[in-house]
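Report on the structure
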Amino acid sequence: MDFLDGYQGYMHVDGYKAYESTQATLVACLAHIRRKFIDVKKLQGKKKTGKVDIVLNLIGKLYGIEKRIKGKSVEEKLAIRQSQAKPIVTTLYNWLIEHKEKIPPKSKLGEAISYSLNQFEKFQRYLEDGRLSIDNNRAERAVKPFVIGRKAWLFSYTNTGANASAILYSLVETAKANNLLVHDYIATCLQQIAEKPNNIDALLPWNIKHS
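Treat the numbers as computed from the prediction; the structure is a model and nothing was measured. (Residues numbered from 1 in each chain as written. Predicted model: local features only at pLDDT ≥ 70, side-chain atom pairs only at ≥ 80, totals over all residues. Heavy atoms only, no water.)

**A closer look at the overall build of the protein**
Definition in use: The helix and strand labels rest on DSSP assignments: H or I over at least four residues marks a helix, E over at least two residues marks a strand, and numbering proceeds from the N terminus. We compute the radius of gyration from the C-alpha atoms alone; for a globule the expected value is 2.2 Å times N to the 0.38, where N is the number of residues. Only protein chains enter the accessibility calculation, which uses a 1.4 Å probe. A residue is then buried if its area is under 20% of the maximum for its type, exposed if over 50%, and partly exposed in between. Whether two residues are in contact is decided by their heavy atoms, any of which lying within 4.5 Å being enough. Note on areas: Shrake-Rupley with a 1.4 Å probe; residue coverage comes only from the protein chains shown. Only four residue types enter the tally: Lys and Arg on the positive side, Asp and Glu on the negative side, with His and both chain ends excluded. Here the site of a charge means NZ on Lys, CZ on Arg, CG on Asp, or CD on Glu.
Looking only at helices and strands, the protein has seven helices and two strands in total. The order of helices and strands in the protein, counted from the N terminus, is β-β-α-α-α-α-α-α-α. For 211 residues, the compact-globule estimate of 2.2 N^0.38 gives 17 Å, and the protein exceeds it by more than 25% at 21 Å. Dimensions of the protein, computed from the C-alpha atoms along their principal axes, are close to 65 × 45 × 35 Å. In the protein, buried positions account for 33% of the 211 residues. Excluding contacts between residues fewer than 6 apart, the proportion of contacts in the protein whose partners are at least 24 apart in sequence is 56%. For the protein, the exposed surface amounts to about 14300 Å²; the carbon and sulfur share of it is 55%. Averaging the locations of the 33 positively and 21 negatively charged side chains of the protein gives two centres separated by 9 Å.

**Quick look at the packing of aromatic side chains**
What counts is decided by this rule: A pair of aromatic rings is counted whenever rings of Phe, Tyr or Trp (Trp by its six-membered ring) have centres within 6.5 Å, and the orientation is called stacked for planes under 30 degrees apart, edge-to-face for over 60 and tilted otherwise.
Counted according to the given criterion, the structure contains four aromatic pairs. Both rings, one in Y93 and one in F120, keep their centres 5.2 Å apart while their planes meet at 45 degrees; by these two values the pair is tilted. Residue Y93 is located in helix 3 (residues 74-100), and its partner F120 is located in helix 4 (residues 108-123); the two are separated by 27 residues in the primary sequence. The exposure class assigned to Y93 is partly exposed, which follows from its relative accessible area of 35%. One aromatic cluster in this structure is built from Y93, F120, F123 and Y126.

**Focus on the nonpolar core**
What counts, and what does not: To form a nonpolar core, buried Ala, Val, Leu, Ile, Met, Phe, Trp, Tyr and Cys residues must be joined to one another through side-chain atoms within 4.5 Å.
In terms of nonpolar packing, the biggest core is built from 35 residues, with L30, F37, L62, L96, I113, F123 and Y126 touching the most fellow members. The leading source of residues in this core is helix 2 (residues 51-69), at eight residues. For I113, the contacting residues outside a window of four places in its chain are F37, W95, L96, H99, K100 and I103. Counting six residues, the second-largest nonpolar core is a separate cluster that includes A175, Y185, C189 and I208.

**Observations concerning the packing of helix 2 against helix 3**
Quick reminder of the rule: For helices, the fitted line uses only the C-alpha atoms of the stretch in contact; every axis is such a line through C-alpha atoms, and the angle between N-to-C directions lies from 0 to 180 degrees. Here is the rule for angles: anything less than 35 degrees is roughly parallel, anything more than 145 is roughly antiparallel, 65 through 115 is roughly perpendicular, and the remaining ranges are oblique. Gly is put with the polar residues, along with every residue not named as nonpolar or charged; the nonpolar set is Ala, Val, Leu, Ile, Met, Phe, Trp, Tyr, Cys and Pro, and the charged set is Asp, Glu, Lys and Arg.
Contact geometry for helix 2 and helix 3: axes closest at 10 Å, N-to-C directions at 170 degrees. In terms of orientation, helix 2 and helix 3 fall into the roughly antiparallel class. Residues K51, I54, V55, L58, I59, K61, L62, I65, E66, R68 and I69 of helix 2 lie in contact with helix 3, whose contacting residues are K77, I80, R81, Q84, A85, I88, V89, T91, L92, W95 and H99. Looking at the contact of helix 2 with helix 3, its residues break down into 13 nonpolar, three polar and six charged.

**A short note on the confidence of the model for the protein**
The condition is simple: Scored from 0 to 100, pLDDT records how confident the predictor is in each individual residue.
Across the protein, the average pLDDT comes to 90, with 97% of residues at 70 or higher. Confidence, read as mean pLDDT per element, is least for helix 5 (residues 137-149) in the protein (80) and greatest for helix 3 (97).

**Quick look at helix 6 (residues 159-177)**
Spelled out, the test is: In this scheme, a helix's expected span is set at 1.5 Å multiplied by one less than its residue total. Along the arc lie the directions from the helix axis toward the C-beta atoms.
The end-to-end C-alpha separation of helix 6 is 27 Å, in line with the 27 Å expected for 19 residues at 1.5 Å each. Buried residues of helix 6: G161, S165, V172, E173 and A175, and no others. On an axial view of helix 6, the arc spanned by its buried residues comes to 150 degrees, and they lie on one face. Turned more than 90 degrees off the buried face of helix 6, the exposed positions are N159 and T160. N179 lies just past helix 6 and shows a positive phi near 60 degrees.

Below, the structure written as structure tokens:
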């Protein structure tokens, strides 16, 4: 809450409730929604077909559109989403509403439907702005190495260690996002801090000039 205080722009998120306490406009992740239905598909079996396949097929079509518009301008993305993706999103929503009362809520499919409907208003916001993504997989991929390793990194177990780790992770991932070589970037920072400790802003990843 402190970190995001005053921020009122879009924010890609999963279903974590705490995000709803911010002033940001939340955009839900289709990958998280799809994951719920993939879990249902696993229980159903690969060679069998059922209701869950209808949902996964619609979601697949939405991802297909995103693949085709990759690299296009913000304006083009918005126009194509409105003309091609929006009708599919509407079909998906109508299917979820229709089957909400038909499927036992405590079944895996029922849980997937409930989760999807709870997230749907936030999810379909990606149709409103060509800058938005259909999911937050980019952020998920960025944090995955730390999630996998954190149990082994015992120095992160304390609040102080976790805070230090978070700072380092942020620097590393932001350096990657700005196409910097992480090792060279960190080495440059350490050298520059030793020589000019008061010139921190110049060392932010987006202010570093590529050599």
